[in-house]
Amino acid sequence: MSVLSRRLRPLVAVGVGLALAVLHVSPVAAADTDVNFACQARPPIVSPQTFDLAAGVDAVAPASVAAGASFTVELAPTPLTVPSSVNGYTVRQIKDLQLSVPVPANATLTGQQVSGGSGLGSAPPTVHVANGRVVVTVPGPIDGGNTFTPPMLTLTMTAGAAGTTVETMVAGSSYGDPGLTFTARVPILFFVADVPTSCYPSPSPVLSSTAVL
């Protein structure tokens, strides 16, 4: 290892600690359902760092629906605040947030859209379906010190067979199979470190449940 690398390692470790503090965004309001994420940040030079992240989702869905009928489910994440500084170090921003929801079983997904949200940066959020998941993307950037509200996700579905249940959840089961990803930008001396982060719900609660009659 070079002398420069040895000298940079503790400085990068400070930046990593700052990045983790950035990722510990705090809920601003109570939610219908708390979602606790297990997260892993992968900074440069030093080894991956693990931590927990608390979030919340408000869900609106019918309690029951007739088989073959069309219905909608609304999933609205609660507001979060990014710290502007931690231990005297400036937080620059977080960016490229992606939150995934599995396409619910026992129903056919016919449409998805995002709406609302605030403080999301210069680029608008988008939504697409890939590999059996509905993926909401918030490009950002979202500056340190800002409070932001992720957009609401609306799913339009056709109910399947009677006697089944349509449930929504956050995707993800491990760091390698995340349901939430984003990047923290952390200034460290003469460069800015991009710290990619992967999270999964642990445990994964049911956000909404609709019985098919």
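Our subject is the structure that appears above.
Reading the values: rules and limits
Going along each chain's sequence as written, the residues are numbered from 1 onward. Local features in this predicted model are restricted to residues of pLDDT 70 or higher, and side-chain atom pairs are both shown and tallied only at a pLDDT of 80 or more, whereas totals for entire chains, interfaces and linings draw on every residue. To obtain the side-chain values, all non-hydrogen atoms of the structure were included, while hydrogens and water were left out. Any two strands with at least two DSSP bridges between them are considered paired. The helix and strand labels rest on DSSP assignments: H or I over at least four residues marks a helix, E over at least two residues marks a strand, and numbering proceeds from the N terminus. Residues grouped as a nonpolar core are buried Ala, Val, Leu, Ile, Met, Phe, Trp, Tyr and Cys residues, joined through side-chain atoms within 4.5 Å. Exposure categories follow from relative accessible area, calculated using a 1.4 Å probe and restricted to protein chains: below 20% of the type maximum is buried, above 50% is exposed, and the middle band is partly exposed. Only heavy atoms enter the contact rule, under which two residues are in contact if any of them lie within 4.5 Å. By convention in this document, the label disulfide applies to cysteine sulfur atom pairs within 2.5 Å.

Chemist: Teacher, can you tell me more about the sheet that holds strand E19 (residues 208–212) here?
Modeler: One key point about sheets: their strands pair by backbone hydrogen bonds, in either a parallel or an antiparallel sense. The strand order across the open sheet formed by three strands is E4-E19-E16, and the pairing between neighbours is mixed. At either end of the open sheet lies a strand with only one pairing partner, and these are strand E4 (64–65) and strand E16 (165–168).

Chemist: Where do I start with the nonpolar core in this structure?
Modeler: Soluble globular proteins tend to pack their nonpolar side chains together in the buried interior. Judged by nonpolar contacts, the single largest core of 40 residues is most densely connected at Phe 37, Leu 75 and Phe 148. At the level of secondary structure, the elements contributing two or more residues to this core comprise strand E2 (33–41), strand E3 (49–60), strand E5 (70–77), strand E9 (93–102), strand E12 (133–138), strand E15 (152–159), strand E17 (180–188) and strand E18 (191–201). Per-element accounting of this core gives the leading share, five residues, to E3. In this structure Phe 37 touches Phe 51, Asp 52, Leu 53, Ala 55, Leu 99, Val 170, Leu 180, Cys 199, Tyr 200 and Pro 201, once residues within four positions along its chain are discounted.

Chemist: Before we go on, may I ask you to explain the state of the cysteines in this structure?
Modeler: Working definition of a disulfide: a covalent bond connecting the sulfur atoms of two cysteines. Enumeration according to the criterion identifies one disulfide in this entry. Here Cys 39 pairs with Cys 199 through a disulfide, and the sulfurs are 2.2 Å apart. Disulfide Cys 39-Cys 199: the torsion about the S-S bond is 110°, which places it as right-handed. Note that Cys 39 is positioned in strand E2 and Cys 199 in strand E18, a separation of 160 residues in sequence. The pair Cys 39 / Cys 199 is uniform in exposure class, with both members buried.

Chemist: Can you help me understand the environment of Pro 139 in this one?
Modeler: Secondary-structure assignment places Pro 139 in the loop between E12 and strand E13 (142–143). Between the C-alpha atom of Pro 139 and that of Asp 96, which follows or precedes it by 43 residues, the distance is 4.2 Å. Filtering out sequence-adjacent residues up to four positions away, Pro 139 remains in contact with Lys 95, Asp 96, Ala 123, Pro 124 and Pro 125.

Chemist: Help me understand the environment of Asp 34 in this model?
Modeler: Here Asp 34 lies in strand E2. You can call Asp 34 exposed: its relative accessible area is 52%. On a C-alpha basis, the gap between Asp 34 and Ala 55 in space is 6.0 Å, while along the polypeptide they are 21 residues apart. Setting aside its immediate chain neighbours within four residues, Asp 34 contacts Ala 55, Gly 56 and Pro 205.

Chemist: What's the story with unusual backbone geometry in this structure? I'm lost.
Modeler: Leaving glycine aside, a negative phi is the common case for residues, and trans is the common case for peptide bonds. Between Gly 140 and Pro 141 the backbone carries a cis peptide bond, its omega angle lying at -5°. Looking at the element boundaries, Pro 141 is found in the loop between E12 and E13. Cis peptide bonds are those with omega within 30 degrees of zero, and the linkage from Ser 202 to Pro 203 qualifies with 0°. The topology assignment puts Pro 203 in the loop between E18 and E19. Positioned with a positive phi, Asp 96 is a non-glycine residue whose angle comes to about 55°. Within the secondary structure, Asp 96 sits in strand E9. On the basis of relative accessibility, which here comes to 37%, the residue Asp 96 falls in the partly exposed class. One non-glycine residue, Asn 131, lies in positive phi territory at about 55°. By relative accessible area, which is 81% here, Asn 131 ends up exposed.

Chemist: What should I look at first to understand the side chain of Gln 40 in this one?
Modeler: The topology assignment puts Gln 40 in strand E2. Other than its neighbours up to four places away in sequence, Gln 40 contacts Pro 48, Gln 49, Thr 50, Phe 51, Tyr 175, Pro 196, Thr 197 and Ser 198.

Chemist: Teacher, can you tell me more about the pairing of E5 here?
Modeler: Looking along a regular strand, one sees side chains alternate from face to face of the sheet. Side chains Phe 71, Val 73, Leu 75 and Pro 77 project from E5 onto a buried face, and the interleaved Ser 70, Thr 72, Glu 74 and Ala 76 project onto a face without burial. Relative to E5, E3 is paired through four bridges, and the arrangement is antiparallel. Each bridged residue has a counterpart across the sheet, and for Asp 58 the counterpart in E5 is Ala 76. Where E5 and E15 come together, six bridges link them in antiparallel fashion. The residue bridging Thr 72 from the neighbouring strand is Thr 156, located in E15.

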